[in-house]
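This is what each chain is made of:
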Amino acid sequence: MVTTSDASVVESDSDSPTQSQLEQEGDIAADYIEEFLDICDLDGDIDIDARNGRAYISVNASDEDNLRVLSKPETVNALQELTRLAVQNKTGSFSRLILDVGGSRDAREAELAALVARAVERIEGGATEAALPAMSSYERKLVHDLVGTRGYQSVSHGEGRDRHTVITAV
C-alpha cells in the first residue's frame, strides 16, 4: 500500500490534460529546448511523448559528451523548470512536463531504487522507519511506487524544498 499526502502527485481525472493538450505542451517544450541547444551550440535529438498525464521530452546525442553538462540532475531540474515556464507562458496552464537529458532520468531512477533498497534493509534490520533525503515531487512519486512494489508504506513529510519521504513497514 502506498500512502501519499503529496497533492501534486494525486490528482483527479478532471484535472488531467487531454492528449491534445499534452501534445501541444510537448511541441512547445521541444521548440524551447531546440532553441536552447542552438544558443548553447549543442547537438541533440529531441523526442516527444505523452503518457500518464504528462508530456515527456527526451534529449539525446550520438556523442554523449555533447550533453554531459546538461545531464547533471540539478541542471536537468533547472532546465525542466524553465521549459515548464515557457510552456505555461504560451498555454496559460501549468505544465507537469518531464525533461530527460542524455538518460538522466533513468540514471536517477536507478539511484532512487538503490536508496529505497538501503532503506528497506534498515527496516528489515529493525528500524521502525527510514527517512530519505528531500527530493522533487516527481522523484517522491517514483519512490512511492518503488516502495509499494516492495510491500512497504511511504508518506511524504515536510514542506517545499524540505519535503521528503519516510518509509515504514505495513
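Residues numbered from 1 in each chain as written. Predicted model: local features only at pLDDT ≥ 70, side-chain atom pairs only at ≥ 80, totals over all residues. Heavy atoms only, no water.

**Q** How do you make sense of the sheet that holds strand β1 (residues 45-51) when you look at a structure like this?
**A** Across a sheet, strands are paired by hydrogen bonds formed along the backbone, either parallel or antiparallel in direction. Within the open sheet, the three strands sit side by side as β1-β2-β3. Their pairing is mixed. At either margin of the open sheet sits one strand with a lone partner, and together these are β1 and β3 (98-101). Recorded for the sheet is a direction-independent mean angle of 15 degrees between the axes of neighbouring strands. Where strand β2 (residues 54-60) lies against β3, four bridges are found, and the strand directions are parallel. Following the sheet pairing, Ile57 is matched in β3 by Leu99. (Pairing = 2+ DSSP bridges. Helix = DSSP H or I, 4+ residues; strand = E, 2+ residues; numbered from the N terminus. Axes fitted to C-alpha atoms, helices over the stretch in contact; angles between N-to-C directions.)

**Q** Explanation requested: the environment of Val170 in the structure shown.
**A** Relative to the elements of secondary structure, Val170 occurs in the segment after β6 (164-169). Overall, the relative accessible area of 68% leaves Val170 in the exposed class. Residues Val170 and Ser154 lie 16 residues apart in sequence; the distance between their C-alpha atoms is 9.1 Å. Apart from residues no more than four positions distant in its own chain, Val170 is found in contact with Gly151, Tyr152 and Gln153. (Buried < 20%, exposed > 50% of the residue type's maximum accessible area, 1.4 Å probe, protein only. Contact = heavy atoms within 4.5 Å.)

**Q** Got a minute to help me understand helix α3 (residues 104-124) in this structure?
**A** Working note: α-helix, 3.6 residues per turn, so residues spaced by three or four point in the same direction. The end-to-end C-alpha separation of α3 is 30 Å, in line with the 30 Å expected for 21 residues at 1.5 Å each. Those residues of α3 not exposed but buried are Ser104, Arg105, Arg108, Leu112, Leu115, Val116, Ala119, Val120 and Ile123. All buried residues of α3 lie within an arc of 140 degrees about the axis, which places them on one face of the element. Exposed residues on α3 whose side chains face more than 90 degrees from its buried face are Asp106, Glu121 and Glu124. At its buried positions, α3 is contacted by α2 (73-91), β3, β4 (129-131), α4 (137-149), β5 (152-157) and β6. Looking one or two residues beyond α3, the residue adopting positive phi is Gly126, at roughly 120 degrees. (Expected span 1.5 Å × (residues − 1). Arc of directions from axis to C-beta.)

In short, the description is geometric, and any link to function would need to be established separately.
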